[in-house]
Amino acid sequence: MTEQYLLDRMEDLKIHAKTGAMSRPGRFKEIEKLIEAYYDQHEKVPPSYMLEKLASLCLHEELSNRNSHKMADECFPILTDHQHARRNKREKVYHQIEFRRSPITGSRSVSYVSEDNSHTKGKQVFYVS
């Protein structure tokens, strides 16, 4: 198996992933077969740039999701480099927060459902001095 054959097969898998012609588990099996065939012939894993492309094929659905609210909508979001840069540009994080010498208090109401499906409410109070 030459590197060009592997690249051509990866391009075929990319087309199948974009069109939805191949399911994710099927794609995983094909990727695993490609890596094993390359290893059997060369007795080493494919080059890192090829492994990166294969990893991108594994994560095709997550990487092609263009939802700008992905961080809020999904449990385990994966951002592309462009999405990460856009998020950093839009959201400013201030690492240093200064307080005056006066004590600061705060509270919030908490409501949750316990294991026996009963609703419980409470209040948490915070003191910072």
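Everything numeric here is computed off the predicted structure, so don't read it as measured data.

Rules behind the numbers
Residues numbered from 1 in each chain as written. Predicted model: local features only at pLDDT ≥ 70, side-chain atom pairs only at ≥ 80, totals over all residues. Heavy atoms only, no water. Helix = DSSP H or I, 4+ residues; strand = E, 2+ residues; numbered from the N terminus. Contact = heavy atoms within 4.5 Å. Areas by Shrake-Rupley, 256 points an atom, 1.4 Å probe, with all protein chains shown as cover. Salt bridge = Lys/Arg side-chain N within 4 Å of Asp/Glu carboxyl O. Buried < 20%, exposed > 50% of the residue type's maximum accessible area, 1.4 Å probe, protein only. Polar contact = N/O pair within 3.5 Å; in protein donor to acceptor, adjacent residues only side chain to side chain. Patch = residues over 30% accessible without salt bridge, like charges linked within 9 Å, V, L, I, M, F, W, Y side chains within 5 Å.

## A short note on the overall build of the chain
And then number 1: Summing up its helical and strand segments, the chain has six helices and two strands in all.
And then number 2: Moving toward the C terminus, one meets the helices and strands of the chain in the order α-α-α-α-α-α-β-β.
And then number 3: In the chain, of all internal contacts separated by at least 6 residues, the share reaching a separation of at least 24 is 37%.
And then number 4: About 10800 Å² of surface is accessible on the chain, with carbon and sulfur atoms providing 52% of the total.

## Concerning the pattern of salt bridges
And then number 1: Evaluation of the coordinates by the stated rule reveals six salt bridges.
And then number 2: With a closest N to O distance of 3.8 Å, Asp 12 and Arg 9 form a salt bridge. Separated by three residues within a single helix, Asp 12 and Arg 9 lie in helix H1 (residues 3-19), roughly one turn from each other.

## Observations concerning the environment of Asn 67
And then number 1: If you trace the backbone, Asn 67 turns up in the loop between helix H4 (60-64) and helix H5 (70-73).
And then number 2: Residue classification places Asn 67 among the partly exposed residues on the basis of a relative accessible area of 29%.
And then number 3: For the pair Asn 67 and Gln 83, spaced 16 residues apart in sequence, the C-alpha separation works out to 9.4 Å.
And then number 4: At 2.7 Å, the side chain of Asn 67 forms a polar contact with the side chain of Asp 73.

## With respect to a nonpolar patch on the surface
And then number 1: A surface patch of nonpolar side chains, about 260 Å² in accessible area, is lined by Tyr 39, Val 45 and Leu 51.
And then number 2: By the element assignment, Val 45 lies in the loop between helix H2 (24-42) and helix H3 (48-58).
And then number 3: For Val 45, a relative accessible area of 49% translates into the label partly exposed.

## Observations regarding the environment of Leu 57
And then number 1: Looking at the secondary structure, you find Leu 57 in helix H3.
And then number 2: Taking the C-alpha atoms as reference points, Leu 57 and Leu 13, 44 residues apart in sequence, are found 7.6 Å from one another.

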